[in-house]
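Architecture and fold: a report
Here are the chains, one letter per residue:
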Amino acid sequence: MVAAGSKCRTCRGPAIIDLPRHNANFCAEHFLELCRRQVAKAIDKFEMLTPDDRILVAVSGGKDSLAVWDLLIELGYQADGLYIGLGIGEYSDVSGEYAKAFAAERALHLITIDLRDEYGFDIPTAAKATRRVPCSACGTSKRHLFDKAALEGGYTALVTGHNLDDEAAVLFGNTLRWDVEYLARQLPVLPARDGFPKKVKPLIRLTEREMAAWCIVRGIDYLVDECPMALGNKHLAYKAALNAIEQESPGSKASFYLNFLDNMAPLLAGAGASGVEGLHPCPSCGAPTTGDLCAFCRVAEKSRAHEPVPVELVLSKGRGRR
Ligand code: Q46
Ligand code: ZN
Ligand code: ZN
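These figures come from a predicted structure and were not determined experimentally.

1. Some thoughts on the confidence of the model for the protein chain
Per-residue confidence for the protein chain averages 93 on the pLDDT scale, and 96% of its residues sit at or above 70. Per-residue pLDDT stays below 50 along residues 318-322; that stretch engages in three contacts with residues further than four places along the chain or on separate chains.

2. Concerning unusual backbone geometry
With a phi angle near 65°, Arg12 is a residue other than glycine that sits in the positive phi range. On the secondary structure map, Arg12 appears in the segment before strand E1 (17-19). Residue Arg12 is classed as exposed on the basis of its relative accessible area, which comes to 53%. Of note, Asn23 is a non-glycine position whose phi angle comes to about 50°, a positive value. Its location among the elements puts Asn23 in the loop between E1 and strand E2 (24-26).

3. Considering the packing of helix H7 (residues 164-176) against helix H11 (residues 252-268)
One can describe the packing of H7 onto H11 by two numbers: an axis separation of 9 Å at closest approach and a directional angle of 70°. With respect to each other, H7 and H11 are oriented roughly perpendicular. Residues Leu164, Asp165, Glu167, Ala168, Leu171, Phe172 and Thr175 of H7 touch H11, and the partners they reach there are Lys253, Ala254, Phe256, Tyr257 and Phe260. Taken together, the residues that form the contact of H7 with H11 break down as eight nonpolar, one polar and three charged.

4. Quick notes on the packing of aromatic side chains
Taken as a whole, this structure holds five aromatic pairs when the rule is applied. Ring geometry for Trp69 versus Phe102: centroids 5.4 Å apart, planes at 40°, classification tilted. Placement of Trp69 in helix H2 (residues 63-74) and of Phe102 in helix H3 (residues 89-105) is noted, with a sequence separation of 33 residues between them. In terms of burial, Trp69 and Phe102 fall into one category: buried. Among the aromatic residues, those joined into a cluster by ring pairs are Tyr119, Phe121 and Phe296.

What counts and what doesn't
Residues numbered from 1 in each chain as written. Chains lettered and ligands numbered in written order. Predicted model: local features only at pLDDT ≥ 70, side-chain atom pairs only at ≥ 80, totals over all residues. Heavy atoms only, no water. pLDDT = per-residue confidence, 0-100. Contact = heavy atoms within 4.5 Å. Helix = DSSP H or I, 4+ residues; strand = E, 2+ residues; numbered from the N terminus. Buried < 20%, exposed > 50% of the residue type's maximum accessible area, 1.4 Å probe, protein only. Axes fitted to C-alpha atoms, helices over the stretch in contact; angles between N-to-C directions. Parallel < 35°, antiparallel > 145°, perpendicular 65-115°, else oblique. Nonpolar A, V, L, I, M, F, W, Y, C, P; charged D, E, K, R; others polar. Phe/Tyr/Trp six-rings, centres within 6.5 Å; stacked < 30°, edge-to-face > 60°.

Below, the structure is given as structure tokens:
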């Protein structure tokens, strides 16, 4: 991770990580300090959280969600976790174990929801039944269940572990399409509305690599494998493109996204649909919707009517098409 003999920028002790975008190396202690500072800065600048917020962290068992939970607790916030078992074969089984072990070791409260046990379907089946890419049914289900758990549990803020790489890749995709509505909504804080909590991304100033390093230094075990259903996803291609640029020009990724927030997002304010006109409660689950049934209930209805589909079948079909 760092050239032999490199010294920490802060204390001149032996460095464990080089951060080319900061043009510096850091020892373990000062690397952790930098991460805490970056999170505190993001929270402060975008008024993401207050000490009174009751926070629910969406936890997947991967490095980012465990790191953001760990960081918030370290910074003195009260935060519980929520893990959703999506039924994506072994990936889901193992990711759930990591999330539960993290919470148990730190005596933190983790709420768990199993999509198949509690709602009668899983993501591979939903992908097949809705004939959409798996991430579409998955995103709809996660959003719905996070909102519902937050509302029912009296939480005021829902935190996700989206990092700088994630947000820059989404921005890259939105920019390639000049999708003004999506660009206008790509903010690190979405305010509370209709009784739902605000949604917050405290890791926007930290990269994927930094979050992996945070977990290693802090002794956090996390699931290294990515979700198998993400394979072939455009998001991964955008990340690879940005990484190639970053390699040539360190700091590009951060300035692309963070300067968008500073310079462009204010100009786009108001260009995104507010999404609140014509909302009424879903007749099946009560969630606000503009349609007959909410998006989640539509996915659930179709998926429950379909015979269970093993994840391997969806993956092999996906590979055949590419
Ligand atoms: S879990 Fe779900 Fe992700 Fe897997 S199916 Fe796609 S959205 S990639 S963060
Ligand atoms: Zn140091
Ligand atoms: Zn519904």
